[in-house]
4 protein chains.
Amino acid sequence: MRIGILTGGGDCPGLNAVIRSVVRSAATHYGSEVVGFRDGWRGLLEDRTTPLDVAAVDGLLTRGGTTLGSARVAPEKLHAGLAQMKAVLAAHGVDVLIPIGGEGTLTAAHLLSQAGVPVVGVPKTIDNDIDGTDLTFGFDTAVSIATDLIDRLHTTAESHQRVLLVEVMGRHAGWIALHAGLASGAHVTLVPEEPFDVAEVAKIVEDRFGRGDTHVIGVVAEGARPLPGTMLVRDGGVDEYGHRRFTGVAQQLGDELERRTGKEVRTTVLGHVQRGGTPTSFDRVLATRFGLHATIAAHEGRHGQMVALRGTEIELVPLAQAVAKLKTVTPSRLAETGAFTG
Amino acid sequence: MRIGILTGGGDCPGLNAVIRSVVRSAATHYGSEVVGFRDGWRGLLEDRTTPLDVAAVDGLLTRGGTTLGSARVAPEKLHAGLAQMKAVLAAHGVDVLIPIGGEGTLTAAHLLSQAGVPVVGVPKTIDNDIDGTDLTFGFDTAVSIATDLIDRLHTTAESHQRVLLVEVMGRHAGWIALHAGLASGAHVTLVPEEPFDVAEVAKIVEDRFGRGDTHVIGVVAEGARPLPGTMLVRDGGVDEYGHRRFTGVAQQLGDELERRTGKEVRTTVLGHVQRGGTPTSFDRVLATRFGLHATIAAHEGRHGQMVALRGTEIELVPLAQAVAKLKTVTPSRLAETGAFTG
Amino acid sequence: MRIGILTGGGDCPGLNAVIRSVVRSAATHYGSEVVGFRDGWRGLLEDRTTPLDVAAVDGLLTRGGTTLGSARVAPEKLHAGLAQMKAVLAAHGVDVLIPIGGEGTLTAAHLLSQAGVPVVGVPKTIDNDIDGTDLTFGFDTAVSIATDLIDRLHTTAESHQRVLLVEVMGRHAGWIALHAGLASGAHVTLVPEEPFDVAEVAKIVEDRFGRGDTHVIGVVAEGARPLPGTMLVRDGGVDEYGHRRFTGVAQQLGDELERRTGKEVRTTVLGHVQRGGTPTSFDRVLATRFGLHATIAAHEGRHGQMVALRGTEIELVPLAQAVAKLKTVTPSRLAETGAFTG
Amino acid sequence: MRIGILTGGGDCPGLNAVIRSVVRSAATHYGSEVVGFRDGWRGLLEDRTTPLDVAAVDGLLTRGGTTLGSARVAPEKLHAGLAQMKAVLAAHGVDVLIPIGGEGTLTAAHLLSQAGVPVVGVPKTIDNDIDGTDLTFGFDTAVSIATDLIDRLHTTAESHQRVLLVEVMGRHAGWIALHAGLASGAHVTLVPEEPFDVAEVAKIVEDRFGRGDTHVIGVVAEGARPLPGTMLVRDGGVDEYGHRRFTGVAQQLGDELERRTGKEVRTTVLGHVQRGGTPTSFDRVLATRFGLHATIAAHEGRHGQMVALRGTEIELVPLAQAVAKLKTVTPSRLAETGAFTG
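Since the model is a prediction, treat every value here as computed from it, not as a measurement.

Attention now goes to empty space enclosed by the protein. All names here are of chain B. Scanning the model with the defined rule gives 10 cavities of 30 Å³ or more in all. Estimated volume of the largest cavity: approximately 70 Å³. For the lining of the largest cavity, the secondary structure elements donating two or more residues are helix 7 (175-184) and strand 7 (188-190). Here the residues of the lining of the largest cavity are counted per class, giving four nonpolar, six polar and one charged.

See below:
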């Protein structure tokens, strides 16, 4: 058999581990070959490939990013290029395509699947917002990096009796903020799923200093937003999903908190460091298992599906189901975090 | 309400995080008090306590080990001391006891529960061998440390064209070896669940060097054992579960491999470093959620149970069920690892 | 003897290690006592103290920040408060004062010394810009954190064929940028000591992509500035040393590079994470040795001096000499970095 | 010009960084070529080479081990092979040889230099025992790893009220033990330079537990040895320098301490993990600077020398001087550590 593979969307620790896993298990188990398309769907559209054998994936397990490259393509281009992509796949003798990516990539995978291309998807999202799987690789690494850095900020905040706001990734789902907040003992955690009340945040700050506490750490998802009317937020327009975008919410909240409480507030935006570098052992295991099970599904003819973690096992879920909606933080999980606020 | 808490068995990253979580959620949510018993069941038998308020648990989230101390007590002493323990709990006005520990501690918890003491258990095992929960805290930290160290050993092995065997924890279950092996790209992984054939391991070594590979990394659970008759192993007697114990299996396998293959073999025993120090973010989150849900269960009268991770949610399972058997590595999980052998 | 101790200026990994070292060596070697003044010189002016015995410093070796707190005081307040400070020191029976801090703190220390107060200074600067000592603690930690994070950014840049600019600390001296740049294999390193030519930086970017390289990493000290006339930089006014301040130089350079080269440029400002958290082993050793030798100097009557690292030994240098000028990056060190540019 | 390069002795974080630095600076600065000999002197004797251009060293900065491989050769073979090595160098048109290695390698380098071969040495020793340079790369990484791991062991020791002995590298010089001991707050540090008195160590253990302290951490260099007559130590024969070798000194001391004090003692031998994996930022900078200055010296005709760190600058010292004696821990440095014992 001949497998095609590509990585779409933003980079993510574990992408290379999936590629290595597919190549090794295809070769060892089935004697199958793998061809990589460069720069995501664009490479498939433009017929740019890389042969991938066992030697080519040596050392990829621990390397961040994606050796295949990645680039964004507008959805309408994908629609228009359907026939072209099928022709390229046929020209390379690709029997099954394994696209690794987030919501956009999996939606495109679903499109190809409906057009008759045998596809097995591998979900990838640092934000952990793909439905149908308990977790995705990259998320644990992102939370781990954010937690390490917030650990470091604690001592600075203590020494100077400051409020420290840390902006983490998460435009539409607050999973990283939720986990990093719990893991680092944050006193406030703000997520996109629940608009925050600036007055309430200010009160937490004042209460803590009032009790003699030395500092306040707040973890703020980049997509967090204030309750309408409680704080003016500079508008960043509308994103690709039609959601309103806010720029630098942590910085703006910080300015407002300084004004209201008179305390010194500093803001740190963690940014790209959350998505780079070697994956944690957790993500390496998950990515490797995803790759293996995608390869098995490809050979067993279980197409139109996506590999998913359910409890401790890797299962298959229909692509249609996986892309139906984003997985956001539930009220019960928010309530858990509430128990450690203040 | 008044909650008693104790930590039993070997130390484990996340124990302190559970203690902090119980104390904070009991105080914040319910206005309840917590008293800690020192050195596990021994402190309960000998009436040695520590008051635990919110100030006392400050900073515990990130600290390894257990601030309450831990010590082993023989099961027969616990049986004999049942009345004594009930008297001490009554004297301190303890309404519910939350013991945190492994198989031994949870068996004792079950015993107390059957004797009418309201108990909510929290499972703890670095080895991840407690049944009824997907995972326990401490395991991710142990795998993460082992993986980091094996990453380091790779380059030494490469530079000197060596076989490197790394002995990791896991007497009765090979979960740490399985995960660290997958995460570090080990070429051989040996676990207690499946006796190994020395000839087969020697063949993997010879095949790799024969193909021009520069090195071989083997991850060996301390409880791994050879197929009867394939290798002489020095006997370490019989352990508390009646299993035969082998001493230094990695070292002995290494000697045998050197003899058979003529290659230079080095052995590293990771030992206690796997169980100490600050927990990973994953384990901090899990430990904090376990503590919170144990506190909720304590207040809601859901006793005789243990908190457990099932998928992404924390649930309760009967103590009786949790201690019925050890959770060992399944054949399907072993098969996954087999895909990356050699 | 009775020693007074205080920490001034911004926090820095290793401050607590110095405090612990002074307290332990004073107690063990000399049977002397130590009193801490809170929040730097302000605590001395306002007579706010903390007793520091061996138990109080337990665990401080690994903790970032300063347990004594720190705050900035205007130099004129210090001049005006000289008599007040002497009175407070006398009231507490302080025989020798050990202030730990940067240029501002050591200048104040020199002032007190000239006014007859026995003083032994301990140099502290993350930026490594204090003259008279090879290195100061905190610097290695900052470089180490910056390097770890830049390592992570490499893979993101590679995967997306980007230019990544990383702004690190260093307003007046580029030591952190220089070392983190060398350690992370940066393709461009910009420091305050040598104004950069935007056209030259743009050429490096174009040359690399022209040769088929996948990405460009630039490390930019926050105090780096363009050659006059080559790029418009938003002005941030004048700082306390009379130097012109620029805001967000990396971001502004990034915008300009995007405009000139048409390549995607992303900027990350590392910020406070560089100065927090547990010190590296290197900084723990240096801080501990500084504390020990300051205590020895205090007892041997060698006052008006500062401890300093010279090669592998800790020596004493006059405070007057240490504060005479900042230690900036030399042309020969810049030339070393030049060898790895592009 | 054509430069030959080889790496000798045990592997060490930073070797690859030196290779990369030599290749890049030779190409960029001088347009010179570099040829690598495989597996140390053996590759030179047997004429096994690898061409090294800028592409070949991409990514080496962060990689542990040595891409050239390393192997030990008996000194008499080197003497006998002198003419052969000169012939191989001539055949490859090598103008200057840059050997990177420890005492053995530098002694061989000196031999070649005296035989008329232009040589510039680069010192490498994890143990930091080469004379003539303040520090060597690899040492900081080893100390850093050891310190991280001892940090982890602290909490286990505390939780179980144990004595924990950690055996670190250092056969003839105790630098790693000295620095890791200071950095981790060890209560006892034992080095080869000063035989230890078991009774004294036992007294420290008893005094600490007598004062109510919860644990004792001891750092033991593998070459530490007891005062004659105080403890029976199993003999490991005589090493290549004629020194008596002891096997497992930490384990044997632990057994003895258990017997004498009745306390539970556990021993951890860190082993090979100290010498593998990615170098610290400190070691990357040092290795890169060593490589650059060796290349400059090669081109400037300053042969028969070794690059060395003196304070903050890289200088040249005669090979003859560097190999005259080992650099061991001085009494004044031992006295510093003594201040923190107990």
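Read on, since the account is not over.
All right, on to the domain arrangement of chain A then. Residues and elements named next belong to chain A. Domain parsing of chain A yields domain 1 (2-131 + 279-322) and domain 2 (139-275). Facing the 14 residues of domain 1 at the interface are 14 residues of domain 2. With both sides pooled, the region where domain 1 packs onto domain 2 buries about 1,200 Å², and carbon together with sulfur makes up 49% of that total. Counting the surface domain 1 buries against domain 2, the share from its top three residues, I126, D127 and N128, is 43%. Viewed at the interface, domain 2 and domain 1 are joined by one salt bridge. For the salt bridge of D11 with R275, the shortest nitrogen-to-oxygen distance reads 3.3 Å. Between the two partners, domain 1 and domain 2, sit five residue pairs in polar contact (both at pLDDT 80 or more).

Now for the arrangement of the chains. The two partners chain B and chain C share no contact, and the minimum distance between any of their C-alpha atoms is 11 Å. At no point do chain A and chain D touch; the closest pair of C-alpha atoms across them sits 11 Å apart.

This paragraph deals with the interface of chain B and chain D. With 29 residues of chain B in contact, the opposing surface of chain D contributes 29 residues. Taking both sides of the interface into account, the surface hidden between chain B and chain D amounts to around 2,300 Å²; carbon and sulfur atoms contribute 54%. Taken as a group, R152, S159 and H272 of chain B account for 29% of the area that chain B buries against chain D, more than any other trio of residues on that side. Taken together, the connections running from chain B to chain D amount to zero salt bridges. The interface formed by chain B and chain D includes 18 residue pairs in polar contact (both at pLDDT 80 or more). Elements represented by at least two residues in the side of chain B that touches chain D include exactly helix 6 (139-160) and strand 11 (265-269) of chain B. Top contributing element to the side of chain B that touches chain D by residue count: helix 6 of chain B, with nine residues. Partitioned by chemical class, the residues of the side of chain B that touches chain D number six nonpolar, 17 polar and six charged.

Looking now at the sheet that holds strand 13 (residues 313-318) of chain B. All names here are of chain B. An order of 3-2-1-4-5-12-13 is seen for the seven strands of this open sheet, with the pairing classed as mixed. The sheet terminates laterally at strand 3 (49-52) and strand 13, the two strands that pair on one side only. Each strand axis lies, on average, 30° off the axis of its neighbour in the sheet, ignoring direction. Direction of pairing for strand 1 (residues 2-7) relative to strand 4 (residues 96-101): parallel, over a ladder of five bridges. Following the sheet pairing, G4 is matched in strand 4 by L97. Against the sheet, helix 5 (residues 103-114) engages strand 4, strand 5 (120-123) and strand 12 (305-310), with an angle of about 160° to strand 4.

Here is what the cut-offs are and how they apply
- Residues numbered from 1 in each chain as written.
- Chains lettered and ligands numbered in written order.
- Predicted model: local features only at pLDDT ≥ 70, side-chain atom pairs only at ≥ 80, totals over all residues.
- Heavy atoms only, no water.
- 1 Å grid on protein atoms, 1.4 Å probe; cavity = no way out; pocket = protein on both sides within 12 Å on 5 of 7 lines; lining within 4 Å.
- Points joined across faces, edges and corners; volume = space filled by probe spheres on them.
- Helix = DSSP H or I, 4+ residues; strand = E, 2+ residues; numbered from the N terminus.
- Nonpolar A, V, L, I, M, F, W, Y, C, P; charged D, E, K, R; others polar.
- Domains from an automatic or database assignment.
- Contact = heavy atoms within 4.5 Å.
- Buried area = accessible area lost by both parts, 1.4 Å probe.
- Salt bridge = Lys/Arg side-chain N within 4 Å of Asp/Glu carboxyl O.
- Polar contact = N/O pair within 3.5 Å; in protein donor to acceptor, adjacent residues only side chain to side chain.
- Pairing = 2+ DSSP bridges.
- Axes fitted to C-alpha atoms, helices over the stretch in contact; angles between N-to-C directions.

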